[in-house]
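# Descriptive analysis of the structure
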Amino acid sequence: MLQLCVWFIVMTVIVRGDKSNDENAADARPMLYFSKDDLLRLRAKADFSHHKISEGIYEAAHALTSDQWKYLPPKDYKKFVSDWNEQYGNNLCAFSFYCALRPEDSKTFELVRTYLDRMESYKDWYVGGNNGVDVGPIAHTLTGFATAYDFLYHKLDPKRRQLYFSKIKSVTADLYKIFDRQKFNFMMQYTHSQSVANSVGFFIGALVVSVQEPEVAAPWIQKARDSLDFTLELLSYVVDGSSSEGVSYGSYTSQFLTQYVYLAKRHHNMDYARNQWLLNHFWFYYHTILPGFQRTVGIADGNYNWLYGPESQILFLDSQVMNSGYGNWLVDRIQAARVSYRPIAPSTTQIWSSHHTEFIFYNSSLPSVQPSPNTTSQLHVFSDWGVVTYGGGQEAKMGNTYFSFKCGTPGGEAVRYLLHSGRYSNRIDGWDNFKPGHEHPDQNSFVFVPNGRYVVSEALHGPKYTYLDNTISFAPSPTSLCNKPWEGQLGECERWLKYDQYTHEDVRGEILTAVSSGPMSFVAGEALGMYSNEMKLSSVQRSILLVNSEVLILVDSIRVQDLSPIKRASAFFHNTWRPFRSYEHLGYHGAKVEYPEGDYSFFSASPSGAKANSTIHNGVRPAGLRAGPTNYVNVTFDVTVPSTTIAHVFHGPTYTVKNFTISKTQYGVNLEALVNEKTYKIAIATISRSTSRRVNPTQERRSHTGHAGYATVWDGDKTRYFGFDNRAMQLGRDRFIRQYRDRRKLTRDERIALPHGISFTSSFDKAANFPRPRGYRQQVTETTDAFVTNKTNVTSAAVTDNVTEASNSTLPEFRPLPDKDGWKISLAAFVIMLKIFLACRVYHSSNRDGMRRSARTWQCACRVTGLALLALVAVNTACIDRSGKNVCIAPARRPHGIYSLVIRLRNSSFSRPDPNHTAGAVSQNPFVALSGLPGTGLDVLEAVFDSSDIITYLPSSEIDIPISSGGTSRDTHPCVWTDSDKDHMDTELWLKSLMKNPVLHFNQQADAYNVKRRLRRSANSPLLFSDNTGFWTTKLRWLSAVVGDDSIQPVLVVRDPRSWIHMLLAKTSGDSYEKTAGELVEVFERLSERCPDSATPFYYQHFEEKQRSDWHVSDDIEKLAMLWTVVMGTAMANAANDTAAKWPLHVVRFEDIVTETESTVSDLFSNLGLPLPVKALNNVLRVATTGRYLVAYDGTMNPDVAGSWRRGIDEHDVTKIERICGGMMAVFGYETNA
């Protein structure tokens, strides 16, 4: 009896405990995306602000009730696992969310409950043959089942709650075991779409279990977070927001990742909104959508558009990351263009998979805003993906054209970097961690959609054959694995891309340039690295010129080695929508695609006059091609040593090519096309790699196009230069340069203060927001040139007639003569006038003509009067100060403190110099001198220069330049060197030896290994010497005299002194930075003893005099501020005083490098007359923006570093810095509180 009582009591406690747990769970659910209270608000939104989205959810419920046999899971387990079954988990999310929004609809709920019962009854959810492996749609099923359980918890009876919970727990536990195996599988391929799906499904299952069994779920949640956090960390290196798997599978990845980011913030307070991939991912959707908003570019495996969404992802990015309204606008356009017919309509497998998150993520308070031309441009470069697109985000109509071009590295630049840099070596062990199986052998491929009409498209998802992509194959090849004797790019011939052939760093393609000029755009790519070495090719370059909305000229240039076995090449052009028809024009063969408004045609021409063999293949469907049959044209042509060139000319119905000629030179091709009544003369350089070790390809291109870029087009009376990768233009921001040229209206002391011919490299946004001195009058002018895509109103500030005063300027007033000598000037002028008067006296003579003598007397008197007036003007200029006092006869006593310097600013337009002038002004081998104080940003720029093949990077940290005066060039040494100074002969000889033959120069040195490596990589390329010590900053004038005014290209990198000083003195900087700060303070303190009078920097005498008199320097902050002003002011004054020199001074601000990286770096390269390699741009973007790199002085680099001083420096210290540096800060465009 006693035992029975004990048993009864224990069971009562257990039952009550279970009831208590169940009640706790009931109180906590729903919990995934919203709470019980939130659900009431969501139901209200469904009928009002969110009614468009809710209509899609209601449509899903109606489909379920109308055709339940189609949408319900099968009763038979074997049938469920017999095929890919992700649709059951995908659709369940929308069905269950409908029941949560409409609880009164019992009929639909009963069907959903049956849906859940059947899925719970299956012993597992794996597709047959994959039991126990994390491959397959199990993540979709778990996501849908766990989400439905959370949404409908309150509508389920206790028995089903327990059954469903047990199922979720069991499947999640199985996935945890798979995670714990730590083997290469889908969960270890961190950025692969299936890996992300599995991890997010596992995370959602663990969250649901955590409500009732937190201790069990805790390690599961941690494991899922470790995986997904690492995925986001790796994606942060993908700075362009792209997905290397293409748009279709990229939408698969982002649909799950956006869910995780939302849930991680909701449940774990983790905010990923500043992740660079997320920040730029919207533009991946915007620039890959074709005119009409129905289809997308089909790079890599894919359908005609997105697999998942993309409304959910885009709305998430808008509401959680951008808050701009761009996402709402784009979603409106996509939904308005949705159709119900296949293949454009979404598949029933994915159609409703993200409706619930689309509803949850939508922020109706954000207005629908179309991206403006100032925000984006038609030409867009995905620097990581290696893709250029033109014309994204447009309606389908005449004049709206789209084209894309792909030439990158498999997996993208970020994956390439991670694989070869050794980063995360404990977690990354090779390509198996990324698995780019969905990519294609498609480097140098393109798509052309003029007026929204498909002329050239991709073949979409299918086996990996080069001929199924719009690129080139060769024959005969000794290494052909399929389609013998033809061979395409490495990795072809199987269902999935054979990425195990990509282990070598040289296996890659590269975008050489992508530029717009007016209505034209030009892109070029080099794909040599994607072909087998056994073919003995030297270059496979493809260049594309978009002449107008319907005319596109494509040039293929192939260079082969002497012993190459290649005799033929084939270029392929696909169209999955319309068949090709035969076409002949001007004696050339080609093909055409017929549309109601007319034909879109192309023909092929070669310089030899030989006709290319064009064959048409319609309705081709090789095994494994999923999207449907493709139609393609195969243009086969002969390949000869050393080079072969062929042009393919595309034109639409409203443009007729009346004449076309093509000729070839050693370094390029010349084209002439008469389109309608307009003649275009085109020179395209086909040299991306040097044809000789003695000549740099930059020089070879210049000999053909007239500049260092890749193409020149003579368009009537306009000449357009292509090849300067000016990202500022491509983003719709006009080129601008600050040039101080009008020196005649300046006083002599102002000429010292303001430089001559200075160009400021910065972003357009920064220029528009530059602080203006008091009295500044804005003048808006309209500018246009060959480098500007359209006419834009630009505001600028440069030296001109409008006289304004920069308040609190600290530059001293340099008078032409000391005050004590002023009375001597006046006395000398008086004596001279007296002598002239006496000399002109007319004495009476024997000449009887008194009237003539009188006339001569008056004539001489007039001369004296005129000379007197001139003397007075001279005295006034020399002795009258700005307050009107005569400081020569009565010297004014200088007031205490820092003197203001009146700076005359001229208001004119920021416009890019004539490109022809730029091309001619830059020497064929410029010597770029990059200089700045320690910690001003040169370490960030190293990422772009060190990875560039077109310039040889020589950092001061790797070379020792002999200094005759003692010390080394690695010390901060602000003494000025003059042209007449003969004490630096060793340094001069060293530099001249370097300029004459850099390779021989460094071969004589035992060390300098990295320098020699760069010289081997970039034979005879322009030299870039980088000085981050400040040594050469004050010696630019001397350097120009040694190197030569025609060669020197000095670049001054400047940083806001408040930010610079705060960085040096911040306690968190570390001992090494405090040591640097101490050394710099000592440099200023010992400057007078280290620099003789002739070598003393400008402005230093002023600070030295003030310290001796009435101004006591109290701390290191003031000393560093003085050093900054002395060094920066001297660098500027060197340029100002060198009136005869041709060299400009390019000024780059650190703040622009880290906040407007693309436009700033591109402007700099354009100023230097060099094309910016896209891969180099991608490198510097990763360093400057991702927060994943450590640089000297600043530590972890990210855009927030530029303004961090505002949060960490005392206001009193800011005032001291501005009091000393204010004048130079105004010149550089830094806003002060004064």
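Look up a bit, the structure's there.
Fair warning: this is a prediction, and the values are worked out from it, not measured in the lab. (Residues numbered from 1 in each chain as written. Predicted model: local features only at pLDDT ≥ 70, side-chain atom pairs only at ≥ 80, totals over all residues. Heavy atoms only, no water.)

Looking only at helices and strands, one finds 39 helices and 33 strands in the protein. Burial analysis of the protein (1234 residues in total) assigns 60% to the buried set. Surface exposure of the protein reaches about 48,000 Å², of which carbon and sulfur atoms provide 50%. (Helix = DSSP H or I, 4+ residues; strand = E, 2+ residues; numbered from the N terminus. Buried < 20%, exposed > 50% of the residue type's maximum accessible area, 1.4 Å probe, protein only. Areas by Shrake-Rupley, 256 points an atom, 1.4 Å probe, with all protein chains shown as cover.)

At a minimum axis separation of 7 Å, helix α25 (residues 938-946) and helix α37 (residues 1174-1185) run at an interaxial angle of 155°. Comparing the axis directions of α25 and α37 gives the class roughly antiparallel. Judged by the twist between their axes, the crossing of α25 over α37 is right-handed. Contacts between α25 and α37 involve Val 940, Ala 943 and Val 944 from the former and Ala 1176, Leu 1177, Asn 1179, Val 1180, Val 1183 and Ala 1184 from the latter. When grouped by side-chain class, the residues that make up the contact of α25 with α37 number eight nonpolar, one polar and no charged. (Axes fitted to C-alpha atoms, helices over the stretch in contact; angles between N-to-C directions. Parallel < 35°, antiparallel > 145°, perpendicular 65-115°, else oblique. Left-handed = near helix turned anticlockwise from the far one by under 90°. Contact = heavy atoms within 4.5 Å. Nonpolar A, V, L, I, M, F, W, Y, C, P; charged D, E, K, R; others polar.)

This part takes up the nonpolar core. Phe 446, Phe 474, Leu 537 and Phe 945 are the most contacted members of the largest nonpolar core, which has 221 residues in total. Beyond its immediate chain neighbours, meaning those up to four positions away, Phe 945 contacts Leu 930, Ile 951, Tyr 953, Leu 1024, Leu 1164 and Phe 1165. In this structure, Ala 1077, Met 1122, Ile 1209 and Tyr 1230 belong to the second largest nonpolar core, which totals 43 residues. (Core = buried A, V, L, I, M, F, W, Y, C linked by side-chain atoms within 4.5 Å.)

The subject of this paragraph is empty space enclosed by the protein. Rolling a probe over the atoms, with the probe sized like a water molecule, indicates the empty space that remains. The tally for this structure, following the rule as stated, stands at 12 cavities of 30 Å³ or more. Taken as a whole, the largest cavity holds about 260 Å³ of empty space. Of all elements in the fold, only α11 (214-235) and α17 (413-421) reach the threshold of two or more residues within the lining of the largest cavity. With three residues, α17 is the single largest residue contributor to the lining of the largest cavity. (1 Å grid on protein atoms, 1.4 Å probe; cavity = no way out; pocket = protein on both sides within 12 Å on 5 of 7 lines; lining within 4 Å. Points joined across faces, edges and corners; volume = space filled by probe spheres on them.)

A few words now on the environment of Thr 65. The residue Thr 65 is located in helix α3 (residues 51-66) in this model. Taking the C-alpha atoms as reference points, Thr 65 and Thr 108, 43 residues apart in sequence, are found 6.4 Å from one another. What Thr 65 contacts, discounting residues up to four positions off in sequence, is Thr 108 and Leu 111. Within polar-contact distance, the side chain of Thr 65 engages the backbone oxygen of His 62 at 2.9 Å. (Polar contact = N/O pair within 3.5 Å; in protein donor to acceptor, adjacent residues only side chain to side chain.)

The next subject is the sheet that holds strand β10 (residues 568-575). Pairing within the open sheet is antiparallel, and its four strands lie in the order β5-β10-β15-β14. Of all strands in the sheet, those with a lone pairing partner are β5 (472-475) and β14 (613-620), marking the two edges. Adjacent strand axes in the sheet meet at a mean angle of 25°, parallel and antiparallel pairs treated alike. Across eight bridges, the pairing between β10 and strand β15 (residues 630-638) is antiparallel. Note on β15: the bridge partner recorded for Ala 571 is Val 635. (Pairing = 2+ DSSP bridges.)

We now examine helix α36 (residues 1157-1168). Taking 1.5 Å per residue, 12 residues should reach 16 Å; α36 reaches 17 Å between its end C-alpha atoms and fits that length. The buried fraction of α36 is high, at 11 of 12 residues. In the segment just after α36, Gly 1169 is the residue with positive phi, at about 75°. (Expected span 1.5 Å × (residues − 1).)

Attention shifts here to the sheet that holds strand β1 (residues 379-382). Pairing within the open sheet is antiparallel, and its four strands lie in the order β1-β2-β3-β4. What marks the edges here is a single partner per strand, and that holds for β1 and β4 (445-449). Adjacent strand axes in the sheet meet at a mean angle of 10°, parallel and antiparallel pairs treated alike. Bridge analysis of β1 against strand β2 (residues 387-390) gives four bridges, and the strand direction is antiparallel. Within β2, the position partnered with Val 381 by the bridge is Val 388.

Tallied over the full model, the rule gives 31 salt bridges. For the salt bridge of Asp 301 with Lys 464, the shortest nitrogen-to-oxygen distance reads 3.1 Å. You can see Asp 301 sitting in the loop between α13 (276-286) and α14 (311-322) and its partner Lys 464 sitting in the loop between β4 and β5, a full 163 residues away along the chain. For the pair Asp 301 and Lys 464, one class covers both residues: buried. Taken together, the salt bridges that share partners define one network made up of Asp 47, Arg 102 and Glu 104. (Salt bridge = Lys/Arg side-chain N within 4 Å of Asp/Glu carboxyl O.)

Attention now goes to the packing of α36 against α37. At a closest axis distance of 10 Å, the pairing of α36 and α37 adopts a crossing angle of 135°. Overall, the two elements α36 and α37 adopt an arrangement that is oblique. Read as a crossing pair, α36 and α37 show a hand that is right-handed. In this structure, α36 contributes Thr 1157, Glu 1158 and Val 1161 to the contact, and α37 contributes Leu 1177, Val 1180, Leu 1181, Ala 1184 and Thr 1185.

This brings us to the pairing of β4. The element β4 is largely enclosed, with a buried count of five among its five residues. The two faces of β4 match: Ser 445, Val 447 and Val 449 on one face and Phe 446 and Phe 448 on the other face are all buried. For strand β3 (residues 402-406) and β4, the ladder comprises five bridges, and the chain directions are antiparallel. In the sheet register, Ser 404 faces β4, and the bridge partner there is Val 447.

The next thing to look at is the pairing of strand β16 (residues 643-651). Within β16, nine of the nine residues are buried, which leaves the element mostly enclosed by the surrounding structure. Neither face of β16 is left uncovered, since the one carrying Ser 643, Thr 645, Ala 647, Val 649 and His 651 and the one carrying Thr 644, Ile 646, His 648 and Phe 650 both have all their residues buried. In terms of strand pairing, strand β9 (residues 552-560) meets β16 through eight bridges, oriented antiparallel. Each bridged residue has a counterpart across the sheet, and for Ile 553 the counterpart in β16 is Val 649. Relative to β16, strand β13 (residues 598-605) runs antiparallel, the two sharing five bridges. Paired with Phe 602 across the strands is Phe 650, a residue of β16.

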